[in-house]
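The chain contents come next:
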Amino acid sequence: MYLNIDAQKDQTYDAIVVGSGISGGWAMKELTERGLRVVCLERGRDVKHIEGYETAMKAPWEFQHRGRPDNMAAEEYWAGMRTGYTANEEHRYLFENDKQNPYLETRGFDWIRAYHVGGRSLLWGRQTYRWNEEDFMANAKDGISVDWPIRYKDLAPWYSHVEKFTGVSGSKDNLSVLPDSDFLPAMELNCLEKHVKGEVMKKMGRTITIGRVAHLTKPQTWHSALGRAACQYRNMCMRGCPFGAYFSTQSATMPAAMKTGRLTLVPNKIVTEVMYDEKKGKATGVRTIDQNTMEVKEYYAKIIFMNASAIPSASILMNSKSSRFPNGLGNDSDQLGRNIMDHHLAVGASGSFDGYGDQYYFGRRPNGVYVPRYRNWGNDKRDYLRGFGYQGGAGRGGWGRGTSIPGFGAAFKESLTEPGGWTMGLGGFGEVIPDESNRFTLHPTQKDKWGLPVVVFDAAYGENERKMRIDMMNDAAEMLEAAGLKNVNTYNDTSKNPGIGIHEMGTARMGKDPKTSVLNANSQVHSCKNVFMTDGAAMTSASCVNPSLTYMALTARAAKFAVDELKKKNL
Amino acid sequence: MNRREALSRVALLMGGTLSAPTLMAFGNNPATLNTSADFVLNDAQRALVSEIADIIIPRTSTPGAKDAKVGPFIELMLKDCYRAQEQQNFVEGLADADARAMKVHNKKFLETTPAEQTALLTQIEKDTMELMKNANVKQVKVGDNVDKEVVEGKKLKGTPFWRLMKELTLFGYFTSEEGATKALNYVPIPGKYEGCIPYKKGDKAYAL
């Protein structure tokens, strides 16, 4: 290891963006388009759009184990194995090797990482939902945790701003619980989904709608201008999309930022700390270590956007110690690393349907149905706080059904070459309430191969989640039964840890009071105003809808504020 | 990832088609898996595996398991993706097939007639289902597209031979180029999605 003392000037930019995933992509786009010279520091390797998606066009037989993880992969991707899918051969190259990047668990946490340019924007579920007005008031109303310092109206124009650029497919439902976005045309429901939608509305008054997804169903001129094309319905999204049809850093925000000529992207740079100048009372830049060469290098800027995702962003601040901040930059409240939230899932029901044997579908829709929250909403009152939504879908059985039914030979084979009966499933996504004792810390002595302290998790679901899951399981079965499905089976897998939803949030929450929160209403660190944080770390509560759209909106909003403040010379 | 998944969000979005082969799970902590990379079959065992696979999926108007080289695939999968217990069960299962043939017909399995082979495998399947039933193997959903089988008690030592043989034959065949493109409708780039189209008996299911 050696210290590179380059001329400070060469390493000076207007803004530093730490991380290049969903929120980092938005930070680089918005800041460069508003005139700033930006350097984006990404800890992982570069993954080039299209040419970097090494498995995107492969057929099943081109994978050695036809997709399944082998024993060696199972050992190396030990956290990924807990999901049941991320260690598969088709997309494992985009997930982190847990053996090489270990973490520790006092109480379990399923930490699924993707360290490379684009981060998990290449791997996300692409389900895209606005929060509702109640979501931002929930903590205050329930008298738990701290209140959000912003409301829906503060974010609404920014939701519109990011939706238009992103491209969100969906149908207008006019529901206060799930505000509509600016939509591209919706994807279609299949026969059974249409049937269940109709029956559940008729018999239970609950809405089932098509999932809202960040896929281009009808590219607009500004999408095409970036080289993005319409969805081809391959449903191989996690390998990377060679058509640029779903929103990712590579397909959308990074090319937009590059067009300005003001973006410098530097892969392989692990940010180890934010440097703080006690005299100026602000951050001056960041220190990095190259993941391959171990070279230490500093970058300087007027403002810093932390977009490394909830756990890494907060750990970088924890690791940024000075005499002003002995417990980590911005950690006067001791809230850094606390209140880890996720969405709890692996609970729901599925069943089979007799009928529609003369109906099928064409194409692999990378989307399903969505049931918006109805519990603890309006006049409904349960013995737990908050609520849940469902994602699900219907389809006809494939050849896999042959494993558990008796038979073999010619007739057996021929039967498996035809589609099986219809089944439909609904899987819950529940809101997790913030709890200070759900946290991570940095290990006092154990270091990773770059000399950085290893993350230690100590988190678990609580009573509120456990109670909610009973409803999540039973309600799903009730809806399917109401729609006439048979053999309805419920499941409630309680073996999963927080983190399994891959929606980590809350480790540097926004709030009104610096004594109880890390970030203010403008996404600035309360006590160090030129450091902004707009990834999952910022979340004060979790809602039950997928979070990425809200990170995007928070980032675009903070970027505008930051540039305005710079112009006013307030930063 | 927000991703999908077990719970797999990914699987959820595939429309819950339950097409993923079920995997027996006797605890999924890889650290506790006893694995052996030294697994290898001899020529006689290889011939037997290929033959049984071809009896499960014979050549009809479309290619069969032998055409799709399912035998070597099964060996590779057992070596790379399964535990020592399953490897042992598999080898013992092959020996058992020969022993059963010897007992009834005084011949090795491969030397018996097709009708005798069918009868032997039918009995093996029946015995396996009974064995699994007695061990209280329950199919449990852990997600909309992911089934897991849990075994209560210690009555069953790993996945039984026939179950491995059948699952790997179907998996190997329907994901092979021959199986996916000839026995199923392989559409790598659909280009569009239509939610409801007419289906005629005899039309092939999609390979993906």
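Rules used throughout
Residues numbered from 1 in each chain as written. Chains lettered and ligands numbered in written order. Predicted model: local features only at pLDDT ≥ 70, side-chain atom pairs only at ≥ 80, totals over all residues. Helix = DSSP H or I, 4+ residues; strand = E, 2+ residues; numbered from the N terminus. Buried ≥ 20, exposed ≤ 12 C-beta atoms within 10 Å, placed from the backbone. Rg over C-alpha atoms; globule rule 2.2 N^0.38 Å. Pairing = 2+ DSSP bridges. Axes fitted to C-alpha atoms, helices over the stretch in contact; angles between N-to-C directions. Core = buried A, V, L, I, M, F, W, Y, C linked by C-beta atoms within 7 Å. Domains from an automatic or database assignment. Contact = placed C-beta atoms within 7 Å. Expected span 1.5 Å × (residues − 1). Arc of directions from axis to C-beta. Left-handed = near helix turned anticlockwise from the far one by under 90°. Nonpolar A, V, L, I, M, F, W, Y, C, P; charged D, E, K, R; others polar. pLDDT = per-residue confidence, 0-100.

Describe the overall build of chain B, with residues and values.
Looking only at helices and strands, chain B has 7 helices and 4 strands in total. Taken from the N to the C terminus, the helices and strands of chain B come in the order α-β-α-α-α-α-β-β-α-α-β. When each of the 208 residues of chain B is scored for burial, the buried share is 44%.

Tell me what's going on with the overall build of chain A, and back it up with residues and numbers.
Of regular secondary structure, chain A possesses 11 helices and 21 strands. Taking 571 residues into account, the globule formula puts the C-alpha radius of gyration at 25 Å, and chain A, at 24 Å, falls close to it. Viewed in the frame of its principal axes, chain A has a C-alpha envelope of about 75 × 55 × 50 Å. Counting only residues that meet the buried cut, chain A has 57% of its 571 residues in that class.

An account of the sheet that holds strand β3 (residues 104-107) of chain A is needed here, citing residue identities and associated values.
Residues and elements named next belong to chain A. The strand order across the open sheet formed by 3 strands is β3-β18-β17, and the pairing between neighbours is mixed. The strands lining the two open edges of the sheet, one partner per strand, are β3 and β17 (439-447). Here the strands of the sheet are splayed against their neighbours by 30° on average, with no regard to which way each runs. Across 5 bridges, β17 lies against strand β18 (residues 453-458) in antiparallel orientation. The residue bridging Leu-442 from the neighbouring strand is Val-455, located in β18.

Outline the nonpolar core, listing residues and values.
Residue and element names in this part refer to chain A. If you look at the biggest cluster of nonpolar residues, it comprises 152 residues, and the most contacted ones within it are Ala-15, Ile-16, Val-18, Val-38 and Ile-304. Here this core spans two domains, and each of domain 1 (12-167 + 247-342 + 434-456 + 504-571) and domain 2 (184-214 + 343-431 + 461-496) adds at least three residues to it. Apart from residues lying up to four places away in sequence, Ile-304 is in contact with Ile-16, Val-18, Val-274, Ala-283, Val-286, Asn-530, Val-531 and Phe-532.

Explain the domain arrangement of chain A residue by residue, including any values.
Residues and elements named next belong to chain A. What the domain assignment reports for chain A is domain 1 (12-167 + 247-342 + 434-456 + 504-571) and domain 2 (184-214 + 343-431 + 461-496). Taking only C-alpha atoms, the centre of domain 1 and the centre of domain 2 are 32 Å apart. Contacts between domain 1 and domain 2 engage 16 residues on the former and 19 residues on the latter.

Can you tell me about helix α2 (residues 43-56) of chain B, naming the residues and giving the values?
Residues and elements named next belong to chain B. Taking 1.5 Å per residue as the helical rise, α2 with its 14 residues ought to reach 20 Å, and the 20 Å between its terminal C-alpha atoms agrees with that figure. Leu-48, Val-49, Ile-52, Ala-53 and Ile-56 are the residues of α2 that are buried. One face of α2 carries all of its buried residues, which in axial projection span an arc of 130°. Away from its buried face by more than 90 degrees, α2 exposes Asp-43 and Ala-44.

Summarise the packing of α2(B) against helix α3 (residues 70-81) of chain B; cite the residues concerned and give the values.
All names here are of chain B. At a minimum axis separation of 8 Å, α2 and α3 run at an interaxial angle of 115°. The hand of the α2/α3 crossing is right-handed. Residue-level inspection shows Arg-46, Val-49, Ser-50 and Ala-53 of α2 in contact with α3, the latter providing Val-70, Gly-71, Ile-74 and Glu-75. Considered class by class, the residues forming the contact of α2 with α3 number 4 nonpolar, 2 polar and 2 charged.

Describe the confidence of the model for chain B, and please don't skip the residues or the numbers.
All names here are of chain B. For chain B, per-residue confidence averages 83 on the pLDDT scale, and 75% of positions sit at 70 or higher. Scored below 50 in pLDDT, residues 1-32 makes 135 contacts in the model with residues more than four places away or belonging to other chains. As a predicted assembly, this complex carries a pTM of 0.94 together with an ipTM value of 0.94.

Give a description of helix α6 (residues 161-174) of chain B that names residues and reports values.
Compared with the 20 Å implied by 1.5 Å per residue over 14 residues, the 20 Å span of α6(B) between its first and last C-alpha is a close match. A large share of α6(B) lies buried, amounting to 14 of its 14 residues.

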